[in-house]
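A structural walkthrough
What follows is the residue order along each chain.
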Amino acid sequence: MILGIGTDIVDIDGFRTQLADPASSFAAGVFTESERVSSAMRPSKDPAVHLAARYAAKEAFIKAWSIGNYGQPPALGWIDLRDIEVVNDRFGRPALRLHGRVADETQKLGALRPHVSLSHDGQVATAFVILERAGSARQDADI
């Protein structure tokens, strides 16, 4: 059963400017070390593109989670975006891994399976997230 969907879009040039600001701790405050290293190691050699897509994924997850809580007050007043981590399998496919307070609070909706799709083209990065209740027919099927 789908509990929520979310999407987000990020302007890569503006994002690159924010990352490059030497007075800013934005990257360290938003991304896990693993996300920063992984983005720097991508074949494009342009970490800003990959971090922008990951930022969009974090925002899209929050929107999907919010829809899953429709009619209820927000679960958290403040979200540490590092608690929403974009990881890749050995083939480069993205997934979301939840940590800390975000993981604790989302469990109140039941066992969730987040799905994420990342894309970037030109100066735009985007992400789409679907929150599915674990144990649905798709997850339990032998596919």
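Residues numbered from 1 in each chain as written. Predicted model: local features only at pLDDT ≥ 70, side-chain atom pairs only at ≥ 80, totals over all residues. Heavy atoms only, no water.

Attention now moves to the nonpolar core. Within the largest apolar cluster, 29 residues are counted, with the highest numbers of intra-cluster contacts made by Phe15, Phe61, Trp65, Leu96 and Val129. When residues of this core are traced back to their parent elements, those giving at least two are strand E1 (2-11), helix H1 (12-20), helix H2 (26-30), helix H4 (47-68), strand E2 (84-88) and strand E5 (124-133). Here this core takes ten residues from H4, the largest share from any one element. With residues near it in sequence (within four places) discarded, Phe15 still touches Val10, Phe26, Phe31, Ala48, Leu51, Ala52 and Tyr55. (Core = buried A, V, L, I, M, F, W, Y, C linked by side-chain atoms within 4.5 Å. Buried < 20%, exposed > 50% of the residue type's maximum accessible area, 1.4 Å probe, protein only. Helix = DSSP H or I, 4+ residues; strand = E, 2+ residues; numbered from the N terminus. Contact = heavy atoms within 4.5 Å.)

Right, let's get into unusual backbone geometry. Despite not being glycine, Lys45 has its phi angle at roughly 60°, a positive value. One can find Lys45 in the loop between helix H3 (33-40) and H4. A relative accessible area of 62% places Lys45 in the exposed class.

Sheet topology places strand E4 (residues 112-121) next to E5; ten bridges connect them, and they run antiparallel. Across the sheet, the residue bridging to Pro114 is Leu131, located in E5. Counting the residues that bridge the hairpin from E4 to E5 gives two residues, and of these Gly122 lies at a positive phi of roughly 60°. (Pairing = 2+ DSSP bridges.)

The next point concerns the packing of H1 against H4. Interaxial distance between H1 and H4 falls to 9 Å at its minimum, and their mutual angle equals 105°. Judged by the inter-axis angle, H1 sits roughly perpendicular to H4. Of the residues in H4, those touching H1 at Ile12, Phe15, Arg16 and Leu19 are Ala48, Val49, Leu51, Ala52 and Tyr55. Grouping the constituent residues of the contact of H1 with H4 by class yields eight nonpolar, no polar and one charged. (Axes fitted to C-alpha atoms, helices over the stretch in contact; angles between N-to-C directions. Parallel < 35°, antiparallel > 145°, perpendicular 65-115°, else oblique. Nonpolar A, V, L, I, M, F, W, Y, C, P; charged D, E, K, R; others polar.)

All quantities given are derived from atomic positions and should not be read as evidence of function.
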